[in-house]
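# Observations on the three-dimensional arrangement
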2 protein chains.
Amino acid sequence: MSSTEDLDYPQILFQYNNGFLVSKIMFTACELGVFDLLLKSEGSLSSDAIAERLGTSISGMERLLDACVGLKLLEVEMKSEGAFYRNTELSNLYLTKSSPKSQYHNLMYYSKTVYLCWHYLTDAVRDGKNQYERAFGVSSKDLFGALYRSEEEMIQFMYGLNAIWSICGRDVIAAFDLSPFTVIYDLGGCAGGLAQECISLYPKSTVTIYDLPKVVQVAKERFVPPEERQITFHEGKLGLFCVCSYAKKTVLNGPCFMITECNENSHHPFLFTSLHVRSFPSLRRNCEALKCFQRIMCLLDV
Amino acid sequence: MSSTEDLDYPQILFQYNNGFLVSKIMFTACELGVFDLLLKSEGSLSSDAIAERLGTSISGMERLLDACVGLKLLEVEMKSEGAFYRNTELSNLYLTKSSPKSQYHNLMYYSKTVYLCWHYLTDAVRDGKNQYERAFGVSSKDLFGALYRSEEEMIQFMYGLNAIWSICGRDVIAAFDLSPFTVIYDLGGCAGGLAQECISLYPKSTVTIYDLPKVVQVAKERFVPPEERQITFHEGKLGLFCVCSYAKKTVLNGPCFMITECNENSHHPFLFTSLHVRSFPSLRRNCEALKCFQRIMCLLDV
């Protein structure tokens, strides 16, 4: 039941209405390198100095910075010469490119790809299918063909996924005691962020990443060093059907363990991932919504 | 200073990252008529029934409804036959088309126009100008030419603005005692939502809406009934310069009163309006950000 005050002035509605403005302010400050510059300069800078160094308009940068202060992504100090801006701890840790926990690639993926897909959410609900065709002019029948429509796009996605695992991968892996399982298959393991967390927490385990050939190739070249002998790869087709067939044949005959996280439609533009659920406690409590969040990871003790 | 927990698991960052998903869920449920159907049906409906009545896919609708439940825009009841959905009080009041406080037009304007403009926020900050050209292929030099690029777009904007005033217009008008002023000019008064609030609170006042000829024409035809003799119109050019010239000549010689709310750049895609400020208390406290929010309303006692 809403209070009269909530009904007279519906804060929650304004918050939802403005949600995309807030997202884009953070994405843009990140993309323009505001947080990187402020980290490097090791002190506070004026709006004019930031605009000059990043090659932007003065008025636009000033307003962007002030919006970031309002969102607590920057701090401001008023001096006699004017306003001076510096990073918050959170921005240093997550919004700079060089931080081990950097979310830069994830945010850029959201800003450039997901944001535009979601512009067509109404069509997605009407049609019951993803909107890569409307958003990017690529066929949406082959989900991974659309998702990995260019090498650049695929690499951005892989970096983005690893960025998310750098925050919550340890929690996912530690949610159950997996120490009895020494041979682990990560189906759709992509750039190996979760595999890395796994061998770090369970040093006796080896993880085989099952993914598309072109994903495996880039993962080997860019993400998993060859000297990392606890992580190996298996090339194959993706899609839940293929993964299930593979799991049934290869895994399910032995003792195994599965973690569900996102289903075959997880890249539909209208689905939340497990991470989104986590950040919305109210959604998490809604069991129906949780149907959407399944990702299969099979763990086999041999 | 952030707590260790906030730094380990940055909720605020996920909230900002996902802000646009939340916006689009609300916009889409509104656009598809979910709230209108549930108001009309005077009870709860199953996901399948809603999908059928609104002509959408079953799977897409089910997920949309569950997301709305998570966001507290709908309530769900689990029966033996499955899940049944109904509106919250807030949704009945603000998200249905027929409610006097309906935000439908405002939300649609945000969803279709503002959302796409903000996709180009990085360019807007770089260039220091609005992005109507990139977003809609119309020249951005003439702001109102871009804003009112079609009659449909202009009418949507006018309905949207009136919707906002239906929530906070009374607060704006009541912020100062305007009872000594009996002749009031609302410069850029558009569809007259604020003028209506004004004559309602100050029955002795008359309000002249100053706006572009085509706006005045639609305002007369659709928004302000001819028998409303306390509201009159004055056609002219818009833009802060023109408004100021007009104000200087016509208004400033007499005793006058001005309320600032948004400046000549207020339709730049990277600016918040006063309404946005209001829903972000942290932004409101940031005086620098408030520089952006000026709209001139001149009130003249004659």
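The residue numbers shown here count from 1 along each chain, following its written sequence. Chains and ligands are labelled by the order in which they are written, letters from A for the one and numbers from 1 for the other. Given that the model is predicted, a residue must reach a pLDDT of at least 70 before its local features are reported, and side-chain atom pairs must reach 80 or more before they are shown or counted; all residues, however, enter totals for whole chains, interfaces and linings. Calculation of side-chain values draws on the structure's entire complement of heavy atoms; hydrogens and water are dropped beforehand.

## Structural notes on the nonpolar core
As used in this record, nonpolar core signifies buried Ala, Val, Leu, Ile, Met, Phe, Trp, Tyr and Cys residues forming a set joined through side-chain atoms within 4.5 Å. Only protein chains enter the accessibility calculation, which uses a 1.4 Å probe. A residue is then buried if its area is under 20% of the maximum for its type, exposed if over 50%, and partly exposed in between. Formed by 166 residues in total, the largest nonpolar core has its most connected members in Phe20 of chain A together with Phe20 of chain B. In this analysis, two residues are considered to be in contact whenever any of their non-hydrogen atoms come within 4.5 Å of each other. If we ignore the near neighbours within four places in the chain, the residues touching Phe20 of chain A are Tyr115 of chain A together with Gly19, Phe20, Ser23, Phe27, Tyr110, Val114, Tyr115 and Trp118 of chain B.

## Some remarks on helix 6 (residues 58-70) of chain A
Residue and element names in this part refer to chain A. Taking 1.5 Å per residue, 13 residues should reach 18 Å; helix 6 reaches 19 Å between its end C-alpha atoms and fits that length. Only runs of H or I of at least four residues qualify as helices and only runs of E of at least two qualify as strands under DSSP, and these elements are numbered from the N terminus. Among the residues of helix 6, those classed as buried are Gly60, Met61, Arg63, Leu64, Leu65, Asp66, Ala67, Cys68, Val69 and Gly70. The residue sitting at the N-terminus of helix 6 and contributing the capping side-chain oxygen is Ser57; that oxygen lies 3.1 Å from the backbone nitrogen of Gly60. Directly beyond the C-terminal end of helix 6, a positive phi value near 65 degrees is found at Lys72. A helix is expected to span 1.5 Å for every residue after the first. Here a polar contact is recorded for every N or O atom pair within 3.5 Å, except that within protein the pair must consist of a potential hydrogen donor and a potential acceptor, and residues adjacent in sequence are included only if both atoms are side-chain atoms.

## Here's the deal with the packing of helix 12 (residues 151-174) of chain A against helix 13 (residues 193-201) of chain A
Residues and elements named next belong to chain A. For helices, the fitted line uses only the C-alpha atoms of the stretch in contact; every axis is such a line through C-alpha atoms, and the angle between N-to-C directions lies from 0 to 180 degrees. Viewed as axis vectors pointing N to C, helix 12 and helix 13 meet at an angle of 40 degrees, and their least axial separation amounts to 8 Å. Between helix 12 and helix 13, the angle is such that the two are oblique. As helix 12 packs across helix 13, the resulting crossing turns out to be right-handed. Every residue of helix 13 that contacts helix 12 at Asn162, Trp165, Ser166, Gly169, Arg170, Val172, Ile173 and Ala174 is listed here: Gly193, Leu194, Glu197, Cys198, Ser200 and Leu201. When an angle is under 35 degrees it counts as roughly parallel; over 145 it counts as roughly antiparallel; between 65 and 115 it counts as roughly perpendicular; any other value is oblique. A crossing counts as left-handed when the near helix is turned anticlockwise from the far one by less than a right angle, and as right-handed when that turn is clockwise.

## Remarks on the packing of helix 5 (residues 47-54) of chain B against helix 6 (residues 58-70) of chain B
All names here are of chain B. One can describe the packing of helix 5 onto helix 6 by two numbers: an axis separation of 9 Å at closest approach and a directional angle of 120 degrees. With respect to their mutual orientation, helix 5 and helix 6 come out oblique. Here helix 5 and helix 6 pass one another in a crossing that is right-handed. Every residue of helix 6 that contacts helix 5 at Ser47, Asp48, Ile50, Ala51 and Leu54 is listed here: Ile58, Met61, Glu62 and Leu65. Under the scheme applied, nonpolar residues are Ala, Val, Leu, Ile, Met, Phe, Trp, Tyr, Cys and Pro; charged residues are Asp, Glu, Lys and Arg; polar residues are all the others, including Gly. Split into classes, the residues belonging to the contact of helix 5 with helix 6 amount to 6 nonpolar, 1 polar and 2 charged.

## Let's talk about the pairing of strand 5 (residues 206-211) of chain A
All names here are of chain A. With respect to burial, strand 5 is a largely interior element, 5 of its 6 residues being buried. Both strand 4 (residues 183-187) and strand 5 contribute to a ladder of 5 bridges, which runs parallel. Note on strand 5: the bridge partner recorded for Asp186 is Ile209. Strands are treated as partners if at least two bridges between them are detected by DSSP. Here 5 bridges tie strand 5 to strand 6 (residues 231-235), and the two strands are oriented parallel to one another. Across the sheet, the residue bridging to Val207 is Ile231, located in strand 6. If the strands point away from the viewer and the path from the first strand over the helix to the second runs clockwise, then the crossover is right-handed. Taking the sense of rotation as the criterion, the β-α-β connection linking strand 5, helix 14 (residues 213-223) and strand 6 turns out right-handed.

## Comments concerning the sheet that holds strand 1 (residues 45-46) of chain B
Residue and element names in this part refer to chain B. On the basis of which strands lie adjacent, the open sheet formed by 3 strands has the order 1-3-2 and antiparallel pairing. Two strands lie at the open edges of the sheet, namely strand 1 and strand 2 (74-79), each paired on one side alone. Relative to strand 3 (residues 82-87), strand 1 runs antiparallel, the two being bridged by 2 bridges. Residue Leu45 lies in a different strand from strand 3, and its bridge partner there is Tyr85. Along the sheet face, helix 4 (residues 34-41) touches strand 1, strand 2 and strand 3 and points at about 95 degrees away from the line of strand 3.

## Notes on the environment of Leu39 of chain B
Residues and elements named next belong to chain B. Positionally, Leu39 belongs in helix 4. Separated by 45 residues in the primary sequence, Leu39 and Phe84 place their C-alpha atoms 14 Å from one another. The residues contacting Leu39, other than those within four sequence positions of it, are Asn87, Asn92, Thr96 and Ser98.

## Re the packing of aromatic side chains
Any pair of aromatic rings gets described here by the distance separating the centres and the angle formed by the planes. Working definition: a ring pair exists when centres of Phe, Tyr or Trp rings (six-membered ring for Trp) sit within 6.5 Å. Plane angles under 30 degrees give stacked, over 60 give edge-to-face, the rest tilted. This structure, assessed with the given rule, holds 17 aromatic pairs over all chains. Between the aromatic rings of Phe20 of chain A and Phe27 of chain B, the centroid separation amounts to 6.1 Å while the plane-to-plane angle is 75 degrees, which identifies the pairing as edge-to-face. Here Phe20 of chain A is found in helix 3 (residues 19-32), whereas its partner Phe27 of chain B is found in helix 3 (residues 19-32) on a different chain. As far as the burial class goes, Phe20 of chain A and Phe27 of chain B line up, both buried. Relative to Tyr115 of chain B, the ring of Phe20 of chain A lies with its centre 5.3 Å away and its plane at 50 degrees, an arrangement referred to as tilted. Of this pair, Phe20 of chain A sits in helix 3 while Tyr115 of chain B sits in helix 8 (residues 104-117), on two different chains. In terms of burial, Phe20 of chain A and Tyr115 of chain B fall into one category: buried. Among the aromatic side chains, those forming a connected cluster through ring pairs are Phe20, Phe27, Tyr110 and Tyr115 of chain A together with Phe20, Phe27, Tyr110 and Tyr115 of chain B. Directly above the aromatic system of Phe136 of chain A lies the positively charged group of Arg149 of chain A, at a separation of 3.9 Å from the ring centroid. Two limits define a charge over a ring: the Lys NZ or Arg CZ must be within 6 Å of the ring centre, and within 35 degrees of the ring normal.

## A look at the environment of Pro180 of chain A
Residues and elements named next belong to chain A. With respect to the element layout, Pro180 can be found in the loop between helix 12 and strand 4. On the basis of relative accessibility, which here comes to 45%, the residue Pro180 falls in the partly exposed class. In this structure, the C-alpha to C-alpha distance between Pro180 and Tyr16, residues 164 residues apart in sequence, is 45 Å.

## Considering unusual backbone geometry
Look at Glu42 of chain A: it is not a glycine, yet its phi comes out positive at around 50 degrees. By the element assignment, Glu42 of chain A lies in the loop between helix 4 (34-41) and strand 1 (45-46). Phi is positive for Cys190 of chain B, which is not a glycine, with a value near 55 degrees. When you line up the elements, Cys190 of chain B lands in the loop between strand 4 (183-187) and helix 13 (193-201).

## Quick word on the domain arrangement of chain A
Residue and element names in this part refer to chain A. What the domain assignment lists for chain A is domain 1 (4-94) and domain 2 (104-300). On the domain 2 side, the residues contacting the 7 residues of domain 1 number 8 residues. Defined here as a combined quantity, buried area equals the accessible surface (1.4 Å probe) lost by two parts on assembly, summed across both. Each partner contributes to the roughly 820 Å² buried at the junction of domain 1 and domain 2, and carbon and sulfur atoms together form 71% of this total. It is Lys24, Phe27 and Glu31 in domain 1 that bury the most area against domain 2; as a group they hold 57% of the surface buried on that side. Just so you know, the domain bounds were taken from an automatic or database domain assignment.

## Thoughts on the pairing of strand 3 of chain B
Each regular strand displays side chains that alternate between the two surfaces of the sheet. Residue and element names in this part refer to chain B. Relative to strand 3, strand 2 is paired through 6 bridges, and the arrangement is antiparallel. Note on strand 3: the bridge partner recorded for Glu75 is Arg86. Linking strand 2 to strand 3, which pair antiparallel, is a turn of 2 residues.

## Details of the sheet that holds strand 1 of chain A
Reading across from one edge, 1-3-2 (chain A) is the order of the 3 strands in this open sheet, with antiparallel pairing throughout. Of all the strands in the sheet, just strand 1 and strand 2 (74-79) of chain A have a single pairing partner and so form its edges.

## A short note on helix 3 of chain B
Quick reminder: α-helices carry 3.6 residues per turn. Residues three or four places apart thus point the same way. Residues and elements named next belong to chain B. A rise of 1.5 Å per residue sets the reference length of helix 3, with its 14 residues, at 20 Å; its end C-alpha atoms lie 20 Å apart and thus fit the reference within 8%. Taken across its 14 residues, helix 3 has 13 buried, putting it largely inside the fold. Positive backbone phi, at 85 degrees, marks Gly33, one or two positions downstream of helix 3.

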